[in-house]
Structure formats: structure tokens, C-alpha cells
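# Breakdown of the fold
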Amino acid sequence: MTIDLPSGTRPAGVDAAVEAARRVIDALVRSGDMTDADMASVTGRLNAVADDLEATAPPLRDRLVDMWRGDGMTRHDPVTGSENPIAPPVAYGAVDSSTIEGTVTLGLPYQGPPSSVHGGVSALLLDHTLGVANGWAGESGVTAELTLRYHHLTPLFEPLTVTARQTSVDGRKIRTTGEIAAGGRTCVSAEGLFIAKHPPRPR
Ligand SMILES: CC(C)(COP(=O)(O)OP(=O)(O)OC[C@H]1O[C@@H](n2cnc3c(N)ncnc32)[C@H](O)[C@@H]1OP(=O)(O)O)[C@@H](O)C(=O)NCCC(=O)NCCS
Ligand SMILES: CCCCCCCCCCCC(=O)O
């Protein structure tokens, strides 16, 4: 089955609240303690929002079923998810029938080395993008091996291109490659082995 690529963020509902939460996370990391903001007040207001959401959230089981509705892409993953505030988020487009490309600019919450992307964050972006490329190409699975090479520091605050392509399918073994580039230069490259396995979605 070939999946549809995520169609983007909705301007209202949880997507809008998630966008606001991303702003809060970015602003907190940006501020540190070098701010005149009243952090006791900020803490109280954020906890009030969390209290409200926790008091009205659905049962976990219901939400899990909702998250996995349908057979294609979901809206909750930590890379593209418009319902997930820890997703940067990355937006993908098709390049050809086995290749996808996403763009994203990462800020301070994703920092590893000074002004550079954390290596684990790069791994997250590549693991997920290779997985989505498999879905796009029509044969998907779970990650069995992911080999990364970090060629150059990956910059924060600049547009990054995340590309992935399915290169072969041999029985249950699916091989996929990808890279993160900044300004046309490859910063991180990845090779993945995926095994065709499809854990049942909660229904
Ligand atoms: C990867 C996984 C599905 C393989 O388990 P499995 O379904 O029982 O598959 P098998 O052990 O029968 O392996 C199938 C084939 O893939 C190969 N394979 C499996 N894992 C491999 C790995 N890490 N490296 C290389 N080859 C691997 C096996 O050697 C076998 O090859 P063969 O058919 O030539 O003999 C399983 O270990 C797993 O679920 N791991 C967790 C995956 C995960 O959490 N990924 C991150 C989230 S997506
Ligand atoms: C048939 C649906 C295929 C959808 C592909 C989604 C890709 C998800 C990748 C997850 C990678 C991971 O969990 O490590």
C-alpha cells in the first residue's frame, strides 16, 4: 500500500494549540534565566493549562484508537505530527515514486553542539523520513538497523533538506537511504534496514 504524505497543519483545533506549545518551548529555551519574565507566574499559567487538558482528556485507549484511525500516515508522530508539540514539524513532498524530501528549520530546543543540531535529533529525523519513504514507495516495515554518518555539523536556524529513498526490497528486507543537507551540503547520511512487519493498529 502506498501512503499519502501528511497534508499539513490545520489552522484550528489541537493543531493550533500545538503550534502555540511549540512557541512556548522555544521561548523558554531562548529565555533561560536571562529574562525579566515572572517565571513563577509563567509556571502557574502553564500548570493551569495542563490541569485543564488533563481534566478533560479522553481515556488513553480511546485516544490511541483515534490516533491510529485509518491505514495511512498518522498525525501524532514526533517528526511530522501536527498534533505533537515535540515534532519540529517536518513537511514532506514527493520527489519520485520511491523518494521523498522534507524541509525544516530547527531552533534552540534541538541543539547539540553550539548552534548545531543534536545528533540524536538528526537520527530521529532520518529514521522517520526513511520509514515514510518506505510507506510512500509501497513496502514499509520497522527499523532493524540504522547506520548514520555525521559528515559535518548540522546548523540550527537554517533550512534543512531531509531526503530519503527506498533502494531495494528483498523478501521482508527493505533497504532505504537518506540524508540531511544544509545549503546543498550533506551533513548526515543514513542507511537503513527495515523488516516488513506491521504491528496491528488499536481499533
Ligand atoms: C526487526 C524485527 C522485526 C525482526 O524480527 P522478525 O520479524 O522475527 O524477523 P526475523 O528475525 O525473522 O528476520 C527477518 C530477516 O531479517 C533479518 N534481520 C532481522 N533483524 C536484523 C538486523 N537487525 N540486522 C540484519 N538483519 C536482520 C534476519 O536475519 C532475517 O533474514 P533472513 O530472512 O535472510 O533469514 C524485530 O527484531 C523487531 O521487531 N525489532 C524491533 C523493531 C523496532 O522497534 N524498531 C524501531 C521502531 S520502527
Ligand atoms: C502503511 C503505513 C506506513 C507509514 C509509514 C510511517 C513511517 C513511520 C516510521 C517510524 C519509524 C520508527 O518508529 O522508528
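This structure is a prediction, so every number in the text was calculated from the model and none was measured. Each residue is numbered by its place in its chain's sequence as written, counting from 1. Chains carry letters from A onward and ligands carry numbers from 1 onward, assigned in written order. This being a predicted model, a pLDDT of at least 70 is required before a residue's local features are given, and a value of 80 or more before pairs of side-chain atoms are given or counted; all residues contribute to the totals for chains, interfaces and linings. Water and hydrogen atoms were dropped before computing side-chain values, which therefore reflect all heavy atoms in the structure.

### Here we look at the packing of helix H1 (residues 13-31) against helix H2 (residues 39-56)
To keep things clear, this is the line we draw: To obtain an axis, a line is fitted to C-alpha atoms, over the contacting stretch when the element is a helix, and the angle between two such axes runs from 0 to 180 degrees between their N-to-C directions. Helix and strand assignments come from DSSP, with helices taken as H or I runs of at least 4 residues and strands as E runs of at least 2, each series counted from the N terminus. Our angle categories are set so that under 35 degrees counts as roughly parallel, over 145 as roughly antiparallel, 65 to 115 as roughly perpendicular, and the remainder as oblique. By convention the crossing between two helices is left-handed if the near helix lies anticlockwise of the far one by an angle smaller than a right angle, and right-handed if it lies clockwise. Every residue pair with non-hydrogen atoms within 4.5 Å of one another is taken to be in contact.
Following both chains from N to C, one finds H1 and H2 inclined at 160 degrees, their axes separated by 14 Å at the closest point. Compared by their axis directions, H1 and H2 come out roughly antiparallel. Our pair here, H1 against H2, has a crossing hand that is left-handed. In this structure, H1 contributes Val24, Leu28 and Ser31 to the contact, and H2 contributes Met39, Val42 and Leu46.

### A short note on the site of ligand 1
Rule in force here: Any residue with a non-hydrogen atom lying within 4 Å of a molecule or strand is treated as near it. Pairing of N or O atoms within 3.5 Å defines a polar contact, subject to two protein rules: one partner must be a possible hydrogen donor and the other a possible acceptor, and residues neighboring in sequence count only if both atoms are side-chain atoms. What sets the accessible areas is the Shrake-Rupley method with a 1.4 Å probe; for residues, cover comes only from the shown protein chains. Here the nonpolar group is Ala, Val, Leu, Ile, Met, Phe, Trp, Tyr, Cys and Pro; Asp, Glu, Lys and Arg are the charged ones; every other residue, Gly included, is treated as polar.
In the region of ligand 1, the neighbouring residues are Val142, Thr143, Ala144, Glu145, Arg172, Lys173, Leu193, Ile195 and Lys197. In this structure, Lys197 approaches ligand 1 through a side-chain N or O atom, which is 2.9 Å from an oxygen atom. Alone, ligand 1 offers 940 Å² of accessible surface; in the complex the protein occludes 40% of this. When residues of the shell around ligand 1 are assigned to their parent elements, the largest contribution, four residues, is made by strand E3 (residues 142-150). Here the shell around ligand 1 is composed, by residue class, of four nonpolar, one polar and four charged.

### Quick look at the sheet that holds strand E1 (residues 91-96)
Selection criterion: If DSSP finds at least two bridges between two strands, the strands pair.
Taking strand neighbours across the sheet as the criterion, the six strands line up as E1-E2-E4-E5-E6-E3 in an open arrangement whose pairing is antiparallel. Each edge of the sheet is formed by a strand with only one pairing partner; in this case those strands are E1 and E3. The average undirected angle you get between the axes of adjacent strands in this sheet is 20 degrees. Running at roughly 130 degrees to strand E5 (residues 173-182), helix H4 (residues 119-137) makes contact with E1, strand E2 (99-105), E3, strand E4 (159-170), E5 and strand E6 (185-195) of the sheet.

### Describing the UniProt feature "domain: RHA1-ro05818 N-terminal helical" (unreviewed entry) in the chain
Note the following rule: UniProt positions are given in the numbering used here, feature names are shortened, and annotations may be inferred rather than shown by experiment.
Mapped onto this numbering, the UniProt entry annotates "domain: RHA1-ro05818 N-terminal helical" (unreviewed entry) at residues 7-62. Between the C-alpha atoms that bound residues 7-62 the distance is 24 Å, and the span itself is 71% helix and 0% strand.

### Concerning H2
Quick reminder: α-helices carry 3.6 residues per turn. Residues three or four places apart thus point the same way. This is how the line gets drawn: In this scheme, a helix's expected span is set at 1.5 Å multiplied by one less than its residue total.
Taking 1.5 Å as the rise per residue, H2 with 18 residues should run 26 Å; its terminal C-alpha atoms sit 26 Å apart, in good agreement. For H2, the side-chain oxygen to backbone nitrogen distance between the N-cap and Ala40 is 3.1 Å, and the N-cap itself is Asp38.

### Some words on the UniProt feature "domain: Thioesterase" (unreviewed entry) in the chain
The UniProt entry lists residues 117-185 under the feature "domain: Thioesterase" (unreviewed entry), expressed in the numbering used here. Between the first and last C-alpha atoms of residues 117-185 the distance is 15 Å; the span itself is 28% helix and 46% strand.

### A closer look at the side chain of Gln166
Applicable threshold: A simple rule labels every residue: compare its accessible area, found with a 1.4 Å probe on the protein chains alone, to the largest value its type can have, and call it buried under 20%, exposed over 50%, or partly exposed in between.
By secondary structure assignment, the location of Gln166 is in strand E4. Classification of Gln166 as buried rests on a relative accessible area of 13%. A polar contact is formed between the side chain of Gln166 and the backbone oxygen of Glu139, at a distance of 2.9 Å. The residues touching Gln166, leaving out its near neighbours within four places in the chain, are Ser98, Asn134, Ala137, Glu139, Ile174, Arg175 and Thr176.

### Focus on the pattern of salt bridges
When the charged atoms of two side chains lie near each other, side chains of opposite charge can form a pair. Short version of the rule: Salt bridges are counted wherever a side-chain nitrogen of Lys or Arg sits within 4 Å of a carboxyl oxygen of Asp or Glu.
In the structure shown here, the tally under the stated rule is nine salt bridges. The salt bridge partner of Arg69 is Asp66, with a shortest N-O separation of 3.2 Å. Arg165 is paired through a salt bridge with Glu179; the nearest N and O atoms lie 2.5 Å apart. Taken together, the positions of Arg165 in strand E4 and Glu179 in strand E5 put the pair 14 residues apart, joining distant regions of the chain. Each of Arg10, Asp15, Arg63, Asp66, Arg69, Arg75 and Glu83 takes part in salt bridges that share partners, so that together they form one network.

### Remarks on the environment of Glu191
Structurally, the position occupied by Glu191 is in strand E6. In sequence terms Glu191 and Asp96 are 95 residues apart; their C-alpha atoms lie 19 Å from each other. When neighbours within four sequence positions are excluded, Glu191 is seen to be in contact with Leu130, Glu145, Leu146, Thr147, Thr176 and Thr177.

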